[in-house]
Amino acid sequence: MDFHLKKRQRSDIKLEVVSLETKYPHNVMLYKYPPTDDIHIEEFEELALERLRLLRVFDRAATKALRMLSDDWKAYVNAELTREGLRNYLRLCTGGDSKHESDIQTRRRDYISHFILRLAYCRSEDLSRWFIAREMDYFKYKFSALSGPEIKQFLDVVNFSFQPLTEAQKDQVKDGLYESTAGQSVAKIELLDFYKVPFTQVLDLVRSRRCYLKAGFAYVNTHDLVSLVGTKHMDEIEQGLAAAKVFIDDIESDERISRMLKALHNSYVGKDYTVCKDAAVPIESLDQLSKTSYPLCMRMCHEHLRANHHIKHGGRMQYGLFLKGIGVTLEDSLRFWREEFTKKMDADKFARSYEYNINHNYGKKGSMVNYTPYSCLKIIKEMAAPGDCHGCPYKAMDPVSLKTKMSSYGLSPSAIDEVMRYATSGHYQLACSKYFMITHNSTTEPTINHPNGYFEESQIVMGNRQKRVTGSQPQQHQPNKLRSAIKGGADRSMMMGNDDDELWRIAETQERTLQSQQELSQAFDDDLDLTEIQY
Amino acid sequence: MPESNTEEGNGPQQVSQQSAAPAYDPNILPDMLPVYYRRLFPHQPFYRWLSYGLSEDGIFTNREISFTLHDDIYVRYLCYDTPADLEKDICARNPYKIDIGAVMSTRPKNFRIVPGGITPVQRELVFDIDMTDYDEVRTCCSGAEVCQKCWKFMVLAARILESALREDFGFEHVLWIFSGRRGIHCWVCDQQARLLDARGRSAVAEYLNIINYVTYKGSSTPRIQLGDRIHHSLRRALKFVEPMFEEIILDDQNLFGTPKGVSKLMHIISDDGARNELAVYLQKSHEDGTHSRAIWESFARFANSMRTSAANVWSRKLKHVVEEVQLCLLYPRLDINVTKGFNHLLKAPFCIHPATGKVCVPFSVSAVAKFDPTTVPTISQLLQEINAFDDKTKSYMEMPEDKSRIKDHKKTSMFKGVLVFEEFLRKLERSFKENSMDF
């Protein structure tokens, strides 16, 4: 019996050794079948955190306004991956299909860690959306490193049966291909294989007008196949998350895992500005505050409103929710907007057209959702239309106007240049924190990822507000000011040392993305904005 | 001249010519609406549209309808089991405005009791273009006003959008509606369009929305970067824009006729160096108030010479600067949030605009240039026409109500709009027949 047992064990081990290479044959794989290996709980945690660090790198890259897969973007991501000690993943993203043992190990880590995070991220819409977006960035980066034959091999493995256009078919649409295929020279286009697919499968190419589009079909070349495969990959992850959600209850019966997953999850809920708990800000002080403690985007909304007694929908949303976040009560808010708007319209029209919206923002009407103030990421993404004053000024304003604006606020030319250097290179949030340091004579650089965070930070620096301290949080254990302000700290006690730090940094990045991601779900309810419905 | 007069010379139009159209008075709208909904609103075609031949489950019954009643009372999440229910409710409540939302996963009226809430499952792909977005490029009117000169912006917008929807996306069933005052709505009703998810809608919207707005010197300025090669959709848009550019921008609007107008032209140019050079050049060669044509010619000449000169002072990204300016001024300015929102409500065709009293009539995009927003019939005019017609024929009282009612709109100048609508429906319904034969 003893003998028998030993023999079985040995064959098991042997099976695994053989299977590693066949199991993970390529750097780029669709995460289709959940792994069935046994792993230690320590490794489970380690892999989860490693994956988070990886995704966070892509998250930071996304906020940098660098074009995806451009050289700058790659340089940034590569440097960050190295800094985070994720060199092995970097090799997956850039190296060829090596058979080296360490690379195969990394593939395994890549594969398993993805499935672990699915468990943590399937819990809510917002988490899923963030997870999918970052996974897609990572996937695209890996895919972009593949050579022609490798792509073919990959397509075979995942059963993609696309036939390239024949020469004759290609000839029929060649003018369109020459004109509209982005990123390839005419000479190259002649050589490339093209695939004809329904436009809904390559939405990102359609969105940015990077391919030829005719009668509902997109013509995609080999280099852009990533977009097509990406759609497939995304469906796969979406389905995987939906499936994970179904059996999450089973998993949670294992306390060791559930504690960790839940803590992971809870620590992502970043700072919530939906309801201001600190103080009521009287609207009479807004003029003063706008000069001292507003970030530029809000100051411009405020000034626009004071000057024109009107502000368009996007601005009302951005500024209105910000006001809610800094502590203006609903009653004050109604009074504030009414006083301003009625300089140009009668009170009746205001009541009919705008009051609903303000109540709605405070969750008192319609869907009764208490809306979250916009984060930097959302504001930066906002597309301004004519006559709008919202959006991120560092992005939306022409450099000349931006300079004029800042000098009218009394910034010195050298200070303006400093801010401009960041703004023109696309680092809008860094430009904003520079602006903060200059206007507050502060030497520490704050992390600005939310206008309400800016305001709060400013109030703290000026000594008008205390840092928020959560009860269970020991005072000395705070590398970052913001951290003290994040609520719900109790669940973090299980996360130790570096991991804890790590998670907190994640939480902060997370928070701004999460808030921006509520955008979609909000969009549904926003539609009930009466003023938006066309007459 | 109203286009209906040129094409339909008989019966109803003579009636409308006999007496001047009465001015519309918003205060008596509540008194007119019952008659309008009972006698003129095309209930039957309206249902034919929203039922889509009942080709899919719940396509009519799960559709969200909403009413705006007197004093801006807003009622959402209405839905109807049968066309008769819908008609009865419209005639009973006489809404100031009817909005159409999405087809939901279940009856919208149950929205509070369905666990997890109701979700939209399909909805026409819609576009909204509003004249107010053109305020900075029109000198003839501003705000809510609209004249035939500014309508030309809409003409171009409709043509460009229609061609892109048909040629690039392969959509066929595109319905265009005058929104009653100063804008146009477009409903794309193909099944593929209706079933687009939120991501798909936003991709299509951004594909069609090419203008970025940046704040330059305190005002928002449209900017476009075409790059080295021009995408085929924009090249096609240029084919529409170029022939109309001189007429609209230079002659009608004389947009560059003032120093302020010239600075608008400057602001569109994104390259600082090029902009400054051009400003100097134009200042030297023209006095303030020079006609737009002269300014434009100088600009085009200057841009050409700079582009082709050996010194190549202007970088390669200025290769298409002339085209960029033309598109910035005339490419359709979409309200893309309307298009992106799966669940966005949009005013139904044949509503009465409460401020102008005008009917939101469908128009055909091939005849969009002949459409005149200033002569779209108002509700007062329609009621007068129908009364005049009845007086003349004395038929209304004698005929049984249900038979005569269907035809009432034919007695008025709304007739044309209903015809366009029915033509659209005929094609739409034919596509269902073809589809069902396939299976």
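Residues numbered from 1 in each chain as written. Chains lettered and ligands numbered in written order. Predicted model: local features only at pLDDT ≥ 70, side-chain atom pairs only at ≥ 80, totals over all residues. Heavy atoms only, no water.

Asks: So what about the overall build of chain B? Which residues, and what values?
Replies: Tallying secondary structure elements over chain B gives 18 helices and 11 strands in all. Expressed as a percentage of contacts within chain B between residues at least 6 apart in sequence, the contacts between residues at least 24 apart total 70%. As displayed, chain B has an accessible area near 17,900 Å², and 51% of this comes from carbon and sulfur atoms. (Helix = DSSP H or I, 4+ residues; strand = E, 2+ residues; numbered from the N terminus. Contact = heavy atoms within 4.5 Å. Areas by Shrake-Rupley, 256 points an atom, 1.4 Å probe, with all protein chains shown as cover.)

Asks: If you had to explain the overall build of chain A to someone new, which residues and values would you point to?
Replies: Looking only at helices and strands, one finds 28 helices and 3 strands in chain A. Put simply, 69% of the contacts in chain A that link residues at least 6 apart link residues at least 24 apart. Carbon and sulfur atoms make up 53% of the accessible area of chain A, which amounts to about 24,100 Å² in all.

Asks: So what's going on with the sheet that holds strand β2 (residues 212-214) of chain A? Which residues, and what values?
Replies: All names here are of chain A. With antiparallel pairing, the 3 strands of this open sheet are ordered in space as β1-β3-β2. Pairing within the sheet leaves two strands with one partner each, and these edge strands are β1 (194-198) and β2. Across the sheet, the mean angle separating the axes of adjacent strands is 30 degrees when strand polarity is ignored. Strand direction decides the pairing type here: β1 and strand β3 (residues 217-221), joined by 5 bridges, are antiparallel. By the bridge assignment, F194 is partnered in β3 with N221. (Pairing = 2+ DSSP bridges. Axes fitted to C-alpha atoms, helices over the stretch in contact; angles between N-to-C directions.)

Asks: So what's going on with the UniProt feature "binding site: [4Fe-4S] cluster" (unreviewed entry) in chain A? Residues and values would help.
Replies: Residue and element names in this part refer to chain A. The residues that UniProt annotates with the feature "binding site: [4Fe-4S] cluster" (unreviewed entry) are C297, C376, C392 and C432. Sequence-wise these annotated residues cover 136 residues; spatially they are packed, their C-alpha atoms never more than 9.9 Å apart. Within the element layout of this structure, C376 appears in helix α21 (residues 376-381). Relative to the elements of secondary structure, C392 occurs in the loop between α21 and α22 (393-396). Leave out the neighbours within four places in its chain, and C392 touches I379, I380, M397 and Y428. (UniProt positions renumbered as here; feature names shortened; annotations may be inferred.)

Asks: Just give me the short version of the packing of helix α23 (residues 399-408) of chain A against helix α24 (residues 413-424) of chain A, but keep the residues and values in it.
Replies: All names here are of chain A. Between α23 and α24, the shortest axis-to-axis distance is 11 Å and the interhelical angle comes to 145 degrees. With respect to the hand of their crossing, α23 and α24 are arranged in right-handed fashion. Along the contact surface, α23 presents P399, L402, K403, M406 and S407, while α24 presents I416, D417, V419, M420, A423 and T424. Residue composition of the contact of α23 with α24, by class: 7 nonpolar, 2 polar and 2 charged. (Left-handed = near helix turned anticlockwise from the far one by under 90°. Nonpolar A, V, L, I, M, F, W, Y, C, P; charged D, E, K, R; others polar.)

Asks: Give me the packing of helix α25 (residues 428-440) of chain A against helix α26 (residues 451-461) of chain A: which residues, what numbers.
Replies: Residues and elements named next belong to chain A. Here α25 crosses α26 at 25 degrees, and the two axes come no closer than 11 Å. Regarding the angle of α25 to α26, the classification is roughly parallel. As α25 packs across α26, the resulting crossing turns out to be right-handed. The segment α25 lies against α26, with C432, Y435, F436, T439 and H440 engaging Y454, E457, S458 and V461. Per-class residue counts for the contact of α25 with α26 are 5 nonpolar, 3 polar and 1 charged. (Parallel < 35°, antiparallel > 145°, perpendicular 65-115°, else oblique.)

Asks: Tell me about the pattern of salt bridges, residues and numbers included.
Replies: Residues and elements named next belong to chain B. Within the structure shown, the criterion is met by 55 salt bridges over all chains. A salt bridge links E56 to R194, with the shortest nitrogen-to-oxygen separation between them at 3.3 Å. Residue E56 is located in the loop between α4 (43-51) and β1 (63-68), and its partner R194 is located in helix α7 (residues 191-194); the two are separated by 138 residues in the primary sequence. Summarising the burial analysis for this pair, E56 and R194 share the class buried. The residue K340 makes a salt bridge to E206 at a minimum N-O spacing of 3.0 Å. Note that K340 is positioned in helix α14 (residues 336-340) and E206 in helix α8 (residues 198-208), a separation of 134 residues in sequence. (Salt bridge = Lys/Arg side-chain N within 4 Å of Asp/Glu carboxyl O. Buried < 20%, exposed > 50% of the residue type's maximum accessible area, 1.4 Å probe, protein only.)

Asks: Account for the packing of aromatic side chains, naming residues and giving values.
Replies: According to the stated counting rule, one finds 54 aromatic pairs over all chains in the structure shown. Residues F341(A) and F350(A) carry aromatic rings whose centres are separated by 5.8 Å and whose planes lie at 70 degrees to one another, so their mutual orientation is edge-to-face. The two residues F341(A) and F350(A) agree in class, both being buried. Centre to centre, the rings of W151(B) and F178(B) are 5.9 Å apart; their planes meet at 75 degrees, and the pair counts as edge-to-face. (Phe/Tyr/Trp six-rings, centres within 6.5 Å; stacked < 30°, edge-to-face > 60°.)

Asks: A description of the pairing of strand β6 (residues 174-178) of chain B should follow, citing residues and the corresponding values.
Replies: All names here are of chain B. Within β6, 5 of the 5 residues are buried, leaving the element largely enclosed by the surrounding structure. Burial along β6 is two-sided: V174, W176 and F178 and L175 and I177, pointing in opposite directions, are all buried. Examined bridge by bridge, β6 and strand β7 (residues 183-188) share 5 bridges and lie antiparallel to one another. Residue pairing in the sheet places W176 in a bridge with C186 of β7. Across 2 bridges, β6 lies against strand β11 (residues 362-363) in antiparallel orientation. The partner of I177 across the bridge, within β11, is P362.

Asks: Mind laying out helix α10 (residues 259-268) of chain B, listing which residues take part and the relevant values?
Replies: The complete set of buried residues in α10(B) reads G261(B), V262(B), L265(B), M266(B), H267(B) and I268(B). The inward-facing, buried residues of α10(B) abut β8 (212-216), β9 (219-223), α11 (272-285), α12 (292-308) and α13 (321-330) of chain B.

Asks: Tell me what's going on with the interface of chain A and chain B, and back it up with residues and numbers.
Replies: Listed by partner, the interface residues are 44 residues for chain A and 55 residues for chain B. In total, about 4,300 Å² of surface goes out of reach between chain A and chain B, with carbon and sulfur atoms giving 55% of it. In this assembly, chain A and chain B are joined by 6 salt bridges. Across the pair R235(B) and E179(A) runs a salt bridge, and its minimum N-O distance is 3.1 Å. (Buried area = accessible area lost by both parts, 1.4 Å probe.)

Asks: Help me get a handle on the nonpolar core, residues and values and all.
Replies: Nonpolar side chains tend to gather and get buried jointly when the protein is soluble and globular. Within the largest apolar cluster, 157 residues are counted, with the highest numbers of intra-cluster contacts made by Y36(B), W49(B) and L208(B). Considering every element that reaches this core, the biggest residue donor is helix α6 (residues 148-168) of chain B, with 12 residues. Core analysis: the second largest hydrophobic core is formed by 54 residues, V328(A), L334(A), A431(A) and Y454(A) among them. (Core = buried A, V, L, I, M, F, W, Y, C linked by side-chain atoms within 4.5 Å.)

Asks: Can you break down the confidence of the model for chain B residue by residue, with the values?
Replies: Averaged over all residues, the pLDDT of chain B is 87; the fraction at 70 or higher stands at 89%. When pLDDT is averaged over each helix and strand of chain B, the minimum, 40, is found for helix α1 (residues 3-7) of chain B and the maximum, 97, for β6(B). (pLDDT = per-residue confidence, 0-100.)

Asks: Break down the sheet that holds β6(B) for me, citing the residues and quoting the values.
Replies: All names here are of chain B. Spatial strand order, β5-β7-β6-β11: 4 strands in an open sheet with antiparallel pairing. The sheet is open, and its two borders are formed by β5 (125-130) and β11, each paired with just one other strand. Where α6 meets the sheet, it contacts β5, β6, β7 and β11, and its direction lies at approximately 165 degrees from that of β6.

Asks: Would you mind going over unusual backbone geometry in detail, with residue names and values included?
Replies: Positioned with a positive phi, H309(A) is a non-glycine residue whose angle comes to about 55 degrees. Relative to the helices and strands, H309(A) is located in the loop between α16 (296-308) and α17 (313-326). Its relative accessible area of 19% is what places H309(A) among the buried residues. The residue F350(B) is not glycine, and still its phi comes out positive at about 70 degrees. Tracing the sequence through the fold places F350(B) in the loop between β10 (346-347) and β11. Its relative accessible area of 0% is what places F350(B) among the buried residues.

Asks: Before we move on, could you go through the side chain of H440(A) and cite the residues and values that matter?
Replies: All names here are of chain A. The topology assignment puts H440 in helix α25. Of the polar contacts made by the side chain of H440, one reaches the side chain of T439; its length is 3.2 Å. The contact partners of H440, leaving out residues within four places of it in the chain, are T292, Y454, S458, V461 and M462. (Polar contact = N/O pair within 3.5 Å; in protein donor to acceptor, adjacent residues only side chain to side chain.)

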